[in-house]
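The primary structure of each chain is shown beneath.
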Amino acid sequence: MIDNVKPLFDIPSDICYLNCAAQSPMLKSAKIAGDAGLAIKSNPWTLDPDFWNERSGELKALLAQMISAQTNDIALIPSTAYGVATAAKNLSLDKGQNIVLLEGQFSSNVIAWEQKANACGGELSVVKRPDDYDWTPHVLEAITEKTAIVTLPPCHWTDGSKIDLVAVGDRCRDKGAALVIDATQAVGAMTIDVTAIQPDFLICSSYKWLLSPVGSAFLYAAPKWQEGESIEYNKFNCDDPDSSFGMHQPKAGAVRYEMGGRNNFILLSMALESATQVSKWGAEGVQETLRPMTNLVAEMAGERGWKVPIGENRVAHIIGISFPNQKIENLAKKLATENVFVSERGEGIRVSPYLYNSKDDIEQLFSALDRFVVV
């Protein structure tokens, strides 16, 4: 268990923020790091020429460690959509084949696949949301000889219902399908092990559970995909030509997928500071610390007759609440008037605490819900 870390964030005492899955608050230390990055831009003559490579190397090493990968497997990118587009550009889909994904999956991991299926004569095979929140058997059933690509999250972004990606990876290899993971709602908050899952690509935006600014993300490429085609070519992902008449060649490793804007002093400094702290806490510690809070959410919701994912079918850091036979308009906005912050997702709300929250925050949430939802 990790002791409450609220003093490390700029969160007023009267704010009940249970919305890390939407946008994490920033560490005070990350803001200081960002200010240092701004100072470099204000006085560029102070820039150390080795800054970009050293800081990006440190960040990639930390991110690789979090998912049991190697530093050479990691590329710094601006967004999940950028990484998914990279995967879609490199994976093949023939006419009549399908791409397996979840109903209600986050759009950054849907749109590129819609376009690819349309362009290649393939189709999307959408796994319907199960009533018992147990996605895995339905996903496994959907992966057949016709499946070329499976593209999934470790848990559904709306309610925290989880998917057994190790079992999915085994099924994909058995059927010859590629596996792409959008781990935005997982890395930093739960254990993700690419050596066990064996995905072809894994993508993660860092502005949620890695506490980084928007515009910071990373891509993992399995070794067999480290000679693929990039979305763009730039000074960071290409080698200089051997002669004035030669051509620039993409670098070896996942770095060939790296974005051209890697030299952002502000984002890079903040992302490195945040990743350093998250790495010290460890994903297992985060899960262990947050589990009692989401268990309390499940217990208090159940007492009121509301529906939540239970037991082994959900992660510890996200839990959705739905209200049978009720649709409360603008519930999140109503809760915000009482300084309680969650997201409306699907037919209910999503609660996503972090290490700055406590049991008192969960009780404050339900005290507010009782004023707006009929029990």
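Before any of the text, the structure's been laid out above.
First, a word on what this report is: a plain description of the structure on this page. Source: prediction; values computed, not measured. (Residues numbered from 1 in each chain as written. Predicted model: local features only at pLDDT ≥ 70, side-chain atom pairs only at ≥ 80, totals over all residues. Heavy atoms only, no water.)

Things to note about helix H3 (residues 80-90)
Within H3, eight of the eleven residues are buried, leaving the element largely enclosed by the surrounding structure. Along H3, the residues that are buried comprise Thr80, Tyr82, Gly83, Val84, Thr86, Ala87, Ala88 and Asn90. Summarising the contacts, the buried residues of H3 are in contact with strand E2 (74-77), helix H4 (111-120), strand E6 (178-182), strand E7 (201-205) and strand E8 (217-221). (Buried < 20%, exposed > 50% of the residue type's maximum accessible area, 1.4 Å probe, protein only. Helix = DSSP H or I, 4+ residues; strand = E, 2+ residues; numbered from the N terminus. Contact = heavy atoms within 4.5 Å.)

Let's talk about the packing of aromatic side chains
All told, the structure shown has eleven aromatic pairs when counted by the stated rule. Relative to Tyr356, the ring of Phe9 lies with its centre 5.1 Å away and its plane at 75 degrees, an arrangement referred to as edge-to-face. In this pair, Phe9 sits in the segment before strand E1 (16-17) while Tyr356 sits in the loop between strand E14 (348-351) and helix H11 (359-372), placing the two residues 347 residues apart along the sequence. Assigned by exposure class, Phe9 and Tyr356 land together as buried. (Phe/Tyr/Trp six-rings, centres within 6.5 Å; stacked < 30°, edge-to-face > 60°.)

Quick look at the side chain of Thr151
Considering the arrangement of structural elements, one finds Thr151 in strand E5 (residues 147-152). Of the polar contacts made by the side chain of Thr151, one reaches the side chain of Asn109; its length is 2.6 Å. Beyond its immediate chain neighbours, meaning those up to four positions away, Thr151 contacts Ile99, Val100, Leu101, Gln105, Asn109, Trp113 and Val180. (Polar contact = N/O pair within 3.5 Å; in protein donor to acceptor, adjacent residues only side chain to side chain.)

Here's the deal with unusual backbone geometry
In this structure, Tyr133 is a non-glycine residue whose phi angle is positive, near 70 degrees. Relative to the elements of secondary structure, Tyr133 occurs in the loop between strand E4 (123-127) and helix H5 (136-142). By relative accessible area, which is 11% here, Tyr133 ends up buried. The backbone of Leu211 shows a phi angle near 65 degrees, a positive value even though the residue is not glycine. Tracing the backbone through its elements, the reader meets Leu211 in the loop between E7 and E8.

A look at the side chain of Thr86
Among the secondary structure elements, Thr86 is positioned in helix H3. For Thr86, the side chain forms a polar contact with the main-chain oxygen of Tyr82, separated by 2.9 Å. Beyond its immediate chain neighbours, meaning those up to four positions away, Thr86 contacts Leu219, Glu229, Ile231 and Tyr257.

Examining a negative patch on the surface
On the surface, Asp48, Asp50, Glu54 and Glu58 cluster together into a patch of negative charge. Note on placement: Asp50 falls in the loop between helix H1 (28-42) and helix H2 (51-66). (Patch = residues over 30% accessible without salt bridge, like charges linked within 9 Å, V, L, I, M, F, W, Y side chains within 5 Å. Areas by Shrake-Rupley, 256 points an atom, 1.4 Å probe, with all protein chains shown as cover. Salt bridge = Lys/Arg side-chain N within 4 Å of Asp/Glu carboxyl O. Lys, Arg positive; Asp, Glu negative; His and termini not counted. Charge placed at Lys NZ, Arg CZ, Asp CG, Glu CD.)

What to know about the nonpolar core
Counting 94 residues, the largest nonpolar core has Ile67, Phe218, Trp281, Ile321, Tyr354, Phe366 and Leu369 as the members making the most contacts within it. Sort the elements by how many residues they give to this core and helix H9 (residues 283-303) lands first, with eight residues. Aside from chain neighbours lying at most four places away, what touches Phe366 is Val297, Met300, Ala301, Arg304, Trp306 and Ile321. Of all hydrophobic cores here, the second largest spans 24 residues; its members include Ala75, Tyr82, Leu93 and Ala178. (Core = buried A, V, L, I, M, F, W, Y, C linked by side-chain atoms within 4.5 Å.)

What about the sheet that holds strand E13 (residues 343-345)?
In a beta sheet, neighbouring strands are held together by backbone hydrogen bonds and run either parallel or antiparallel to one another. Reading across from one edge, E11-E14-E13 is the order of the three strands in this open sheet, with antiparallel pairing throughout. Every interior strand has two partners, whereas the edge strands, strand E11 (319-322) and E13, have only one. Within this sheet the neighbouring strands show an average axis-to-axis angle of 35 degrees, counted without direction. Pairing of E13 with E14 involves three bridges; the strand directions are antiparallel. By the bridge assignment for E14, Arg345 is matched with Gly348. Together, E11 and E14 form the strand contacts of H9, whose direction differs from that of E11 by roughly 10 degrees. (Pairing = 2+ DSSP bridges. Axes fitted to C-alpha atoms, helices over the stretch in contact; angles between N-to-C directions.)

Details of the pairing of E2
Burial along E2 is two-sided: Ile74 and Leu76 and Ala75 and Ile77, pointing in opposite directions, are all buried. Across four bridges, the pairing between E2 and E8 is antiparallel. Its bridge partner lying in E8, Leu76 is registered against Phe218.

What about the pattern of salt bridges?
If you walk through the whole model with that rule in mind, you get twelve salt bridges. The salt bridge partner of Lys175 is Asp174, with a shortest N-O separation of 4.0 Å.

By themselves, these are just geometric observations and shouldn't be taken as functional.
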